[in-house]
Structure formats: structure tokens, C-alpha cells
Amino acid sequence: DSLASRPSTVAFPSVNSRSAPSRTDPPMIQSFPARLRELAEARPEAAAVSCAGSTVTRAELDRRSNRLARELQAHGVGHGSFVTVAVPNSVDWFVAYCAIWKLGAIPQPVSAKLPGRELAAIVGLAGSPVVIGAPDEAFEHLPDTIVRLPLGHQPGPEFDDGPLPDAVSPAWKA
């Protein structure tokens, strides 16, 4: 049994703790999606991410990533699936990663400037059912079976922004 074969979790102190844990208490283990939800409930208006002059609150990050997670799920993404992310550093990058982790899927980061043929080869090797971001010309090289969500994509109103069941990705990224 190696550490690599165990599910990934992150230990966070609970925001609801009334006292500090003792040395004999087992560590409180909590998934990243559960921790984000807890933080959003505790202080929804607090800033979660700021990038290039754009800021989203904890509640906004939680809701936006829930909607995107449901859209990804509708496109066949599930626990252990790879999702290729070709989004430059931005608020949308954080939303995409949070959405992927909420499904227990694995983000596969690639450069947003990657040439189309290289992107297609990487997506093919990983078996990603969805590519988020990448310039339109890169999408031309992907098979029609791959769902393409362009830069700046926002899920439609049919995707609920409420909480999802907790999931833990087998890896933080590919």
C-alpha cells in the first residue's frame, strides 16, 4: 500500500471548533470541496480569489463551481476522470479546478497557448471527455466526441448551484 494509491485529502481545522484539538485527538480530515463549502457558509461575503482586478467571494466561488461541476457531470465527467484545463491564471481557472475536484475528477493543466495538435495528443492520452479553455484554433484538432468549453464559458441556468455530494479526487492534478 503506497501513499500514491490512497485517496487525497487535506486536513483543515474546522471553523466551528470550540477548542483546540488535543494531542490525542485524531486529525480532522476534510475534503477540499467540503472545506470550501464550510468557508462559504461561515463567511459568504469574504473574498476567495482575486486575480487581474477580478474578485469573487467564497459564496460566489462555491456556487459557480457547483454549476460548472454539474455541467461537467452532464458531459460524462465523474470520479477519476481527467478534465483538460487550458485556462490562463484567472478567477475562471479557480472555478474550473474547484468544479473538477467537486466531482472527484482530476484536472489536467496545459498551457492555454499549446498548439492544437499537441493539445489533441495530450487529451487523447488522458482520455479527457472535456477540454476547458484553449483557443478556438486548438479545438479544430480535437475529435468531435470531446466536449469543448471555450475560455470565458459560463454554464447555463439549467445547472443548479446548490451543494454537491462530497467527493475526493484520486489526485490533485495530472
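Just so we're clear, the structure is a prediction, and the values are computed from it rather than from any experiment. (Residues numbered from 1 in each chain as written. Predicted model: local features only at pLDDT ≥ 70, side-chain atom pairs only at ≥ 80, totals over all residues. Heavy atoms only, no water.)

Caption draft 1: Spatial organisation of the overall build of the protein chain. Counting its secondary structure elements, the protein chain contains five helices and eight strands. Its helices and strands taken in sequence order, the protein chain reads β-β-α-β-β-α-β-α-β-α-β-α-β from the N to the C terminus. When burial is assessed residue by residue, the protein chain has 42% of its 174 residues classed as buried. When the accessible surface of the protein chain is summed, it comes to about 9,600 Å², and 55% of that surface belongs to carbon and sulfur atoms. (Helix = DSSP H or I, 4+ residues; strand = E, 2+ residues; numbered from the N terminus. Buried < 20%, exposed > 50% of the residue type's maximum accessible area, 1.4 Å probe, protein only. Areas by Shrake-Rupley, 256 points an atom, 1.4 Å probe, with all protein chains shown as cover.)

Caption draft 2: Summary view of the side chain of Ser-65. Relative to the helices and strands, Ser-65 resides in helix H2 (residues 58-74). Looking at Ser-65, its side chain comes within polar contact range of the side chain of Lys-102, at 2.9 Å. Beyond its immediate stretch of four places on either side in the chain, Ser-65 contacts Leu-36, Val-95, Cys-98, Ala-99 and Lys-102. (Polar contact = N/O pair within 3.5 Å; in protein donor to acceptor, adjacent residues only side chain to side chain. Contact = heavy atoms within 4.5 Å.)

Caption draft 3: How the structure looks around the packing of aromatic side chains. Across all of its chains, the model carries six aromatic pairs by this definition. For the pair Tyr-97 and Trp-101, a centre-to-centre distance of 5.5 Å together with 85° between the ring planes defines the contact as edge-to-face. Of the two residues, Tyr-97 and Trp-101 both sit in helix H3 (residues 91-102), four residues apart, roughly one turn of that helix. Aromatic rings pair up to connect Phe-32, Trp-93, Phe-94, Tyr-97, Trp-101 and Trp-172 into one cluster. (Phe/Tyr/Trp six-rings, centres within 6.5 Å; stacked < 30°, edge-to-face > 60°.)

Caption draft 4: Geometry of empty space enclosed by the protein. With the rule as written, the count across this model stands at two cavities of 30 Å³ or more. Roughly 150 Å³ of volume is contained in the largest cavity. Looking at the largest cavity, it is lined by 14 residues, and the ones nearest its centre are Leu-68, Asp-92, Val-95, Ile-132 and His-153. Looking at the lining of the largest cavity, the elements that each hand over two or more residues are H2 and H3. Class assignment of the residues belonging to the lining of the largest cavity gives a composition of nine nonpolar, three polar and two charged. (1 Å grid on protein atoms, 1.4 Å probe; cavity = no way out; pocket = protein on both sides within 12 Å on 5 of 7 lines; lining within 4 Å. Points joined across faces, edges and corners; volume = space filled by probe spheres on them. Nonpolar A, V, L, I, M, F, W, Y, C, P; charged D, E, K, R; others polar.)

Caption draft 5: Summary view of the nonpolar core. Within the largest apolar cluster, 25 residues are counted, with the highest numbers of intra-cluster contacts made by Leu-68, Leu-72 and Ile-132. Secondary-structure elements contributing two or more residues to this core are H2, strand S5 (82-86), H3 and strand S7 (130-133). Counting residues per element, this core draws most heavily on H3, which supplies eight residues. Discounting chain neighbours no more than four positions away, the residues touching Leu-72 are Val-77, Ala-99, Ile-100, Leu-103, Val-130, Ile-132 and Leu-149. Grouped together as the second largest cluster of nonpolar side chains are twelve residues, Leu-119, Ala-120, Ala-138 and Phe-139 included. (Core = buried A, V, L, I, M, F, W, Y, C linked by side-chain atoms within 4.5 Å.)

Caption draft 6: Local environment of the packing of helix H1 (residues 32-42) against H2. Where H1 contacts H2, the two axes come as close as 8 Å, and the packing angle between them is 135°. Classified by the interaxial angle, the pair formed by H1 and H2 is oblique. Once H1 is placed against H2, the crossing between them reads as left-handed. Contacts between H1 and H2 pair Leu-36, Arg-37, Leu-39 and Ala-40 from the former with Arg-58, Ala-59, Leu-61, Asp-62 and Ser-65 from the latter. Residues that form the contact of H1 with H2 fall into these classes: five nonpolar, one polar and three charged. (Axes fitted to C-alpha atoms, helices over the stretch in contact; angles between N-to-C directions. Parallel < 35°, antiparallel > 145°, perpendicular 65-115°, else oblique. Left-handed = near helix turned anticlockwise from the far one by under 90°.)

Caption draft 7: Structural detail: the pairing of strand S4 (residues 54-57). Pairing of strand S3 (residues 47-51) with S4, which is carried by four bridges, proceeds in the antiparallel orientation. By the bridge assignment, Ser-50 is partnered in S4 with Thr-55. Two successive antiparallel strands, S3 and S4, enclose a turn made up of two residues, where Ala-52 displays a positive phi of approximately 50°. (Pairing = 2+ DSSP bridges.)

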